[in-house]
2 protein chains.
Amino acid sequence: MDATKLSLVFKNNAKQHSISGLLSPPPQPNQKNIAPRRRRYRRCRSAPILANFVPPDKNGGGSLPRFKSKYAKFHPSFKQVTILLAVYLGLGTLCFYLVRHQIKGKKTHGLLDAVYFCVVTMTTVGYGDLVPNSVPTKLLACAFVFTGMALCGLILIKAADYLVEKQEVHLVKALHMHQKIGPTDIRNEIEANRVKYKLLMILVLLLLLILVGTIFIARVEKMGFVDGFYCVCSSITTLGYGDKSFSTEAGRVFAVFWIPTSTICVAQLFLYLAELYTESRQRSLVKWVLTRRMTPEDFEAADLDDDGVISADEFIIYKLKEMGKISQEDISHIMDEFEKLDVDQSGTLSASEIMRAQASQTES
Amino acid sequence: MDATKLSLVFKNNAKQHSISGLLSPPPQPNQKNIAPRRRRYRRCRSAPILANFVPPDKNGGGSLPRFKSKYAKFHPSFKQVTILLAVYLGLGTLCFYLVRHQIKGKKTHGLLDAVYFCVVTMTTVGYGDLVPNSVPTKLLACAFVFTGMALCGLILIKAADYLVEKQEVHLVKALHMHQKIGPTDIRNEIEANRVKYKLLMILVLLLLLILVGTIFIARVEKMGFVDGFYCVCSSITTLGYGDKSFSTEAGRVFAVFWIPTSTICVAQLFLYLAELYTESRQRSLVKWVLTRRMTPEDFEAADLDDDGVISADEFIIYKLKEMGKISQEDISHIMDEFEKLDVDQSGTLSASEIMRAQASQTES
């Protein structure tokens, strides 16, 4: 079915086209018709290529959700993260509730204290206002802090990233309130300054969390504003000296939601700073690679076919390698696939050829 | 001077070579002489290209030091990290020593307590056995925990990475003790399993640190082994409940060195786990991109010159884009540089052409 569709769409592409006019070298130098040959590398085809502009970066920090669809299966989904967190907190609360008599310290309500202790442990804040007081509870706390770290560090950061990206659109709109700006402009603006907007976003969120936290703690826990701020800093950095912590029921309910959100925000802020640094470092590396002088060794290495000249594609592949963006292995893998599809060994792929190769792959 | 050298080395490369035999399309399909055309993409030139195999990844986790030289200026050096850490700790100790009477808790020796408090704050362990007791000290602690986090998170992780890489060679040698293995084999083995070795390395180091910490704390701080282990876990995860902490002079001296090392090891372990996950995800993305069926839209997008067929270089560039390894922007930047060098507009670069272009760039 797929094959039929392909052949219908492309039956006009006769095979004799395989002698590519653009690939043939210019008969004489300085001829005009070579211009398109080089220009084609700049052509930015619309949808299919744009959809592939998702940089699969280390932090999983990617792109707008609409660009993600194609690669969605390689990221843990928001749903998966929520389920994992719910299971962890549910299990943690149950465990610590069952051993609540082996935990000493300032207590309020049994179940609430269990959630609170679980959150304080998971985020590694560890005030010490509630501490395990028997061998099993101590070992249980050890187990929960390690798994909690993994959960906080690896998965919630992705969730925060996801939420931040959703807000970016609103932020860009707000920043360009006086200009007429369409969805495409917004997308381009975000694409160009991805990390900067994410950083700005998280800073605004963090300041809000600090403000709300300070006011709440100062009021509800009846401390001054300085102590409230000190408790906020001690919490969001996961320092948790424990001389100031949440000791009322209302305070602990607030803490259960506020602590994970704010600690993750701080971690995310540092990650974005690192990303911004890496990006600018990467940019200077690219600039350096592009503008540095080519030595005889470079020339020899770039001239893959040993014909004494470097063609545009050789130049592109060499520079991409030098930037560390691609490796020889990448190219080898792609060429393996190319040769599999190139059934008539012509060195080029026509639509009908691909159709045939894919059909035979399905059969076998 | 550079130009003269180039011309001496390459004066045999006459310009008429610019009609690249390999770029010309085969006169007829199924001809034998097109094989080298495709094979050349697999050619792995030795030194200059190998030196570019450094993946500039997010964590700055890179490669063996010997591969780094070329990109060294884009990484903060080990020396810079050490200086920064020394300045931070020196300044912190001085500050907290000066305000030592505004810090309450279990005290030993004035200067030692100041270093200990600084380390416990910087790593966000925050036992709470020493806590600031005045408004200025509280704000000072807030400032130090934020800068300390940045220092620990962003810079020391690089240092740990550097140290781990130095040990990798010994690890590989140890694992292949019964086989004869040369330096090249070791390098290849490390290149292929980089993250796995780093993970193994950090695990061994961490287990050692846990063992030493537990024994030391149990003996010196006179706790049982369970409490010692509990204190170790509470410290290395930066949880720091504070019910068990270092209260003797000897213990605090040990803590000053042991806490930063072990907390960074734990953080590094989680980073490597994330890296391993990202790597395997990236590998499945590459596999998926390579083996998925090409749709008519893909074909149209890949066929940059609209000649109805896809050549090997079009295929490579399209697939690299689809994998997210390169973007249209990357190619545009490289083509800008190519056109600058291609002074005779022949579409290919000869050695003498590069020499002339670079000489004129220096003049202007």
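About the thresholds
Residues numbered from 1 in each chain as written. Chains lettered and ligands numbered in written order. Predicted model: local features only at pLDDT ≥ 70, side-chain atom pairs only at ≥ 80, totals over all residues. Heavy atoms only, no water. Helix = DSSP H or I, 4+ residues; strand = E, 2+ residues; numbered from the N terminus. Buried < 20%, exposed > 50% of the residue type's maximum accessible area, 1.4 Å probe, protein only. Contact = heavy atoms within 4.5 Å. Areas by Shrake-Rupley, 256 points an atom, 1.4 Å probe, with all protein chains shown as cover. Salt bridge = Lys/Arg side-chain N within 4 Å of Asp/Glu carboxyl O. Phe/Tyr/Trp six-rings, centres within 6.5 Å; stacked < 30°, edge-to-face > 60°. Lys NZ or Arg CZ within 6 Å of the ring centre and 35° of its normal. UniProt positions renumbered as here; feature names shortened; annotations may be inferred. Core = buried A, V, L, I, M, F, W, Y, C linked by side-chain atoms within 4.5 Å. Polar contact = N/O pair within 3.5 Å; in protein donor to acceptor, adjacent residues only side chain to side chain. Axes fitted to C-alpha atoms, helices over the stretch in contact; angles between N-to-C directions. Parallel < 35°, antiparallel > 145°, perpendicular 65-115°, else oblique. Left-handed = near helix turned anticlockwise from the far one by under 90°. Nonpolar A, V, L, I, M, F, W, Y, C, P; charged D, E, K, R; others polar.

The next point concerns the overall build of chain A. Looking only at helices and strands, chain A has 15 helices and 4 strands in total. By the burial criterion, 53% of the 364 residues in chain A qualify as buried. The long-range fraction of contacts in chain A, counting pairs at least 24 apart against all pairs at least 6 apart in sequence, stands at 64%. Per element, the accessible surface of chain A, about 16300 Å² overall, is 64% carbon and sulfur.

Our next topic: the pattern of salt bridges. On inspection of all chains with the given rule, the structure shows 14 salt bridges over all chains. The salt bridge involving D227(B) is made with K138(A); its shortest N-O contact spans 2.5 Å. Of the two residues, D227(B) sits in helix α10 (residues 225-236) while K138(A) sits in helix α7 (residues 135-175), which places them in two different chains. Across this residue pair, the class does not change: D227(B) and K138(A) are buried. Beyond isolated ion pairs, a larger network of salt bridges with shared partners links D113(A), D129(A) and R252(A).

Below, the discussion takes up the environment of L285(A). Residue and element names in this part refer to chain A. Position of L285 among the secondary structure elements: in helix α11 (residues 249-291). For L285, a relative accessible area of 5% gives the class buried. Along the primary structure L285 and G324 are separated by 39 residues, whereas in three dimensions their C-alpha atoms are 9.4 Å apart.

This brings us to the packing of aromatic side chains. Applying the stated criterion to the full structure yields 24 aromatic pairs over all chains. The interplanar angle of 55° and the centroid separation of 5.2 Å between the aromatic rings of F96(A) and F144(A) together place this pair among those described as tilted. Pair noted here: F96(A) is in helix α5 (residues 78-98) and F144(A) is in helix α7, with a separation of 48 residues, a long-range link. Each member of the pair F96(A) and F144(A) is classed as buried. Ring pairs connect the aromatic residues Y88(A), F96(A), F117(A), F144(A), Y230(B) and Y241(B), which therefore count as one cluster. The ring of Y97(A) has R100(A) lying over it, and the distance from NZ or CZ to the ring centre is 4.0 Å.

Under the UniProt annotation, "transmembrane region" (unreviewed entry) lies at residues 81-99, 111-131, 137-157, 199-218 and 253-274 of chain A. Between the end C-alpha atoms of residues 81-99 of chain A there is a gap of 27 Å, over a span that is 95% helix and 0% strand.

Residues and elements named next belong to chain A. Structurally, the position occupied by I259 is in helix α11. Residue class for I259 comes out buried when judged on its relative accessible area of 1%. As a C-alpha pair, I259 and V119 span 140 residues in sequence and 7.6 Å in three-dimensional space. Leaving out residues up to four positions away in the same chain, I259 has contacts with V119, V120, T123, V125, Y127 and F246.

Moving on, we get to the nonpolar core. Residues I310(A), F315(A), I310(B) and F315(B) are the most contacted members of the largest nonpolar core, which totals 52 residues. With sequence-adjacent residues up to four places away left out, I310(B) is seen in contact with F338(A), T348(A), L349(A), I354(A), M294(B), F299(B), A302(B), D303(B) and F315(B). Judged by nonpolar contacts, the second largest core, of 48 residues, contains V145(A), L209(A), C231(A) and W258(A).

Residues and elements named next belong to chain B. When you line up the elements, S134 lands in the loop between β2 (130-132) and α7 (135-175). With relative accessibility at 16%, the residue S134 sits in the buried group. At 2.4 Å, the side chain of S134 forms a polar contact with the side chain of Q102. Only 2.5 Å separates the side chain of S134 from the side chain of T137, close enough to count as a polar contact.

This next bit is on the environment of L89(B). All names here are of chain B. Relative to the elements of secondary structure, L89 occurs in helix α5 (residues 78-98). What makes L89 partly exposed here is its relative accessible area of 22%. The spacing of L89 and V119 is 30 residues in sequence and 7.7 Å in space, taken between C-alpha atoms. Contacts of L89, omitting those with residues within four sequence positions, involve C118, V119 and M122.

Residue and element names in this part refer to chain B. The contact between helix α9 (residues 194-220) and helix α11 (residues 249-291) brings their axes to 9 Å, and the two run at 155°. Comparing the axis directions of α9 and α11 gives the class roughly antiparallel. Crossing of α9 over α11 shows left-handed handedness. For the contact of α9 with α11, a count of residues per class yields 19 nonpolar, 5 polar and 4 charged.

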